[in-house]
Amino acid sequence: LKLNRWLSTNVPSKENSIFMQAFRQLNTLGAQELSTRSRPWHVIFEGEAAEDAGGPFRSSLMFVCDDLTSKDSDIQLLVPTRNHQYKVGEQRGKYTLLPGLPLQESEHIEFIGKLLGVGLRHQISCPLNITSTFWKHLTGETLKMCDVQLMDENSTSFIEGLDIGHRNENNG
């Protein structure tokens, strides 16, 4: 895997991001290549003197994750939750999938999953601060209103207000 950090930093765009550089080179790797005990790819940071004895491999995963939540990369797969945007409620620093994500982006979402799997397999913490609703949905757990509140407290308060008003109307 050849990554050009200079390009991603000095000529910022979606196509120059570390995420897209990695996607173009690694997306075709299948489950068998990614499930290996050894590192599934070796990293070369173009224009830098770094020998991949594990550090650049680990860094490549971390840089890809950083791009997913960076405003400069223009990836727009993950967006700040409403609590993050409006600085209310709990879990203010979390991200979630872009609502209404175009179907064309499904390859990118699948690629994120592949990278997270590689990170888990090689015990590398991938710094993606994704909301718990994402993980619960992924694992098939039932979502509750308190889960939604961790992502969007204002909407949750509005829905609860409607529910209380509806119950009062039916009881009154």
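Residues numbered from 1 in each chain as written. Predicted model: local features only at pLDDT ≥ 70, side-chain atom pairs only at ≥ 80, totals over all residues. Heavy atoms only, no water.

**Structural notes on the overall build of the protein**
Here comes step 1: In terms of regular secondary structure, the protein is built from 9 helices and 4 strands.
Here comes step 2: Each helix and strand of the protein, placed in order from N terminus to C terminus, yields the pattern β-α-α-α-β-α-β-α-β-α-α-α-α.
Here comes step 3: In summary, the protein has a C-alpha radius of gyration of 20 Å against a globular reference of 16 Å for 172 residues, an excess of more than 25%.
Here comes step 4: If one aligns the C-alpha atoms of the protein with their principal axes, the spans along those axes are about 75 × 35 × 30 Å.
Here comes step 5: Across the protein, contacts joining residues at least 24 apart in sequence account for 55% of those joining residues at least 6 apart.
Here comes step 6: Here the protein has roughly 10,600 Å² of accessible surface; of this, 52% comes from carbon and sulfur atoms.
Here comes step 7: Between the centroid of the 17 positive side chains of the protein and the centroid of its 21 negative side chains there is a distance of 4 Å. (Helix = DSSP H or I, 4+ residues; strand = E, 2+ residues; numbered from the N terminus. Rg over C-alpha atoms; globule rule 2.2 N^0.38 Å. Contact = heavy atoms within 4.5 Å. Areas by Shrake-Rupley, 256 points an atom, 1.4 Å probe, with all protein chains shown as cover. Lys, Arg positive; Asp, Glu negative; His and termini not counted. Charge placed at Lys NZ, Arg CZ, Asp CG, Glu CD.)

**Some points on the side chain of Lys-94**
Here comes step 1: Tracing the chain through its elements places Lys-94 in the loop between helix H5 (82-86) and strand S4 (95-97).
Here comes step 2: Side-chain polar atoms of Lys-94 contact the side chain of Asn-129, separated by 3.0 Å.
Here comes step 3: In contact with Lys-94, not counting residues within four places along its chain, are Val-79, Pro-80, Thr-81, His-84, Asn-129, Ile-130 and Thr-131. (Polar contact = N/O pair within 3.5 Å; in protein donor to acceptor, adjacent residues only side chain to side chain.)

**A few points about the pattern of salt bridges**
Here comes step 1: Throughout the structure, instances matching the rule amount to 4 salt bridges.
Here comes step 2: Between Glu-15 and Arg-24 there is a salt bridge, and its shortest N-O distance comes to 3.0 Å.
Here comes step 3: On the basis of relative accessible area, Arg-24 is assigned to the partly exposed category, the value being 48%. (Salt bridge = Lys/Arg side-chain N within 4 Å of Asp/Glu carboxyl O. Buried < 20%, exposed > 50% of the residue type's maximum accessible area, 1.4 Å probe, protein only.)

**Let's talk about the nonpolar core**
Here comes step 1: By size, the foremost hydrophobic cluster in this structure holds 31 residues, and its most contacted members are Phe-19, Trp-41, Leu-68 and Leu-128.
Here comes step 2: Elements that contribute at least two residues to this core include exactly helix H2 (18-26), helix H4 (55-68) and helix H6 (106-121).
Here comes step 3: The element best represented in this core is H2, accounting for 6 residues.
Here comes step 4: Here Leu-68 is in contact with Phe-19, Ile-75, Leu-77, Leu-78, Ile-112 and Leu-128, once residues within four sequence places are set aside. (Core = buried A, V, L, I, M, F, W, Y, C linked by side-chain atoms within 4.5 Å.)

**Topic: the side chain of Gln-21**
Here comes step 1: Its place among the elements puts Gln-21 in helix H2.
Here comes step 2: Assessed through its relative accessible area of 5%, Gln-21 is described here as buried.
Here comes step 3: Reaching out from Gln-21, the side chain makes a polar contact with the backbone oxygen of Asn-16 at a distance of 2.7 Å.
Here comes step 4: If sequence neighbours within four positions are ignored, Gln-21 has contacts with Leu-1, Lys-2, Leu-3, Asn-4, Ser-8 and Asn-16.

**Remarks on the packing of aromatic side chains**
Here comes step 1: In total, this model carries 6 aromatic pairs according to the counting rule given.
Here comes step 2: Site record: aromatic cluster; members linked through ring pairs are Phe-19, Phe-23 and Phe-111.
Here comes step 3: One residue, Arg-5, lies across the ring of Phe-45, its end atom 4.4 Å from the ring centre. (Phe/Tyr/Trp six-rings, centres within 6.5 Å; stacked < 30°, edge-to-face > 60°. Lys NZ or Arg CZ within 6 Å of the ring centre and 35° of its normal.)

**What about the state of the cysteines?**
Here comes step 1: The full count for this structure, using the stated rule, is 0 disulfides.
Here comes step 2: Lacking any disulfide linkage, Cys-65 is separated from the closest cysteine sulfur, that of Cys-126, by 4.3 Å. (Disulfide = S-S within 2.5 Å.)

**Thoughts on unusual backbone geometry**
Here comes step 1: Backbone geometry places Gln-76, a non-glycine residue, at a positive phi of 55°.
Here comes step 2: Relative to the helices and strands, Gln-76 resides in the loop between H4 and strand S3 (78-80).
Here comes step 3: Phi angles above zero are rare outside glycine, and Gln-91 is one such case at about 50°.
Here comes step 4: Within the element layout of this structure, Gln-91 appears in the loop between H5 and S4.
Here comes step 5: Among the residues examined, Gln-91 registers a relative accessible area of 27% and is labelled partly exposed.

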